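Examination of the molecular architecture
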Amino acid sequence: MSNRTSRALACALLILPAVSAFAQPTVYRCETNRKVAYSDEPCIGAKVIDATPTQGMDKMTGRTSKGKEVRRDELNRMFDGAVRPITGKSTEEMNVLRRRVHLPGKDQAQCGSLDDRLARLEAAAPTAAARDKAKADFDLYQARKQFFDLRC
């Protein structure tokens, strides 16, 4: 890596916390005794739902009425596009880095391994055989709970 590239990468990583996004937490739909509840904490048998807020709307006058978080998200997307040749990371990957930048190194490593584990468990749980369904749901719950507790 050239000296210029390494300086640019160092600058990008220093700026990263300054333009950090308020990442939306994962929202789970939990059903117990036919009652439905929504929470940011996982439960056994939870389904992840998309609770992404709208991105604002411009007034018919031509003035923008986007909120602070929407503007920050747009700034992050522009920043991520500018540094993508250096980092090789998408906006979604950069948002993960922004969320985890303040975690201790050990927790960041655990979060990284949980990313892979959760992907495998989320793919396996819905297709588990009836006799293995409870164990698959519980294993997924434990991984999600650890992910939540670490603040990944």
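Located above this text is the structure these notes cover.
Residues numbered from 1 in each chain as written. Predicted model: local features only at pLDDT ≥ 70, side-chain atom pairs only at ≥ 80, totals over all residues. Heavy atoms only, no water.

Below, the discussion takes up the packing of helix 4 (residues 105–124) against helix 5 (residues 133–150). Axis angle and axis distance: for two packed helices, these are the angle between their axes and the distance between the axes, and together they describe the pair. Taken N-terminus to C-terminus, the directions of helix 4 and helix 5 make an angle of 150 degrees; their axes are 10 Å apart at the nearest point. The orientation of helix 4 relative to helix 5 falls into the category roughly antiparallel. Relative to helix 5, helix 4 is oriented so that their crossing is left-handed. Across from Asp107, Gln110, Cys111, Leu114, Asp115, Arg117, Leu118, Leu121 and Glu122 in helix 4, the residues of helix 5 making contact are Asp139, Leu140, Ala143, Arg144, Gln146, Phe147 and Leu150. Across the contact of helix 4 with helix 5, the residue classes break down as eight nonpolar, two polar and six charged. (Axes fitted to C-alpha atoms, helices over the stretch in contact; angles between N-to-C directions. Helix = DSSP H or I, 4+ residues; strand = E, 2+ residues; numbered from the N terminus. Parallel < 35°, antiparallel > 145°, perpendicular 65-115°, else oblique. Left-handed = near helix turned anticlockwise from the far one by under 90°. Contact = heavy atoms within 4.5 Å. Nonpolar A, V, L, I, M, F, W, Y, C, P; charged D, E, K, R; others polar.)

Here the structure, examined in full by the defined rule, presents two disulfides. Paired by a disulfide, Cys30 and Cys43 hold their sulfur atoms 2.0 Å apart. Negative torsions about the S-S bond denote left-handed disulfides, and the value of about -115 degrees found for Cys30 with Cys43 makes this one left-handed. Of the two residues, Cys30 is situated in strand 1 (residues 27–32) and Cys43 in the loop between strand 2 (35–39) and strand 3 (47–49); the sequence distance between them amounts to 13 residues. Side by side, Cys30 and Cys43 carry an identical accessibility label, which is buried. For the chain, the bonded cysteines connect in the pattern 1-2, 3-4 when numbered consecutively along the sequence. (Disulfide = S-S within 2.5 Å. Buried < 20%, exposed > 50% of the residue type's maximum accessible area, 1.4 Å probe, protein only.)

Side chains bearing opposite charge may pair, as long as their charged atoms lie close to each other. All told, the structure shown has ten salt bridges when counted by the stated rule. Linking Lys145 and Glu41 is a salt bridge whose minimum nitrogen-to-oxygen distance equals 3.6 Å. Here Lys145 is found in helix 5, whereas its partner Glu41 is found in the loop between strand 2 and strand 3, with 104 residues between them in sequence. Across the pair Lys135 and Asp139 runs a salt bridge whose closest N-O atoms are separated by 3.0 Å. In this pair, Lys135 and Asp139 are both assigned in helix 5, four residues apart and thus about one turn of the helix distant. What makes Lys135 exposed here is its relative accessible area of 55%. Through salt bridges with shared partners, a single network forms among Glu41, Lys145 and Asp149. (Salt bridge = Lys/Arg side-chain N within 4 Å of Asp/Glu carboxyl O.)

Where helix 2 (residues 68–87) meets helix 3 (residues 91–100), the closest approach of the two axes is 9 Å, and the angle between their N-to-C directions is 100 degrees. The angle between the axes of helix 2 and helix 3 places the two elements in the roughly perpendicular class. Where helix 2 abuts helix 3, its residues Asn76, Arg77, Phe79, Asp80, Val83 and Thr87 lie against Thr91, Glu92, Met94 and Arg98. Of the residues contributing to the contact of helix 2 with helix 3, the split by class is three nonpolar, three polar and four charged.

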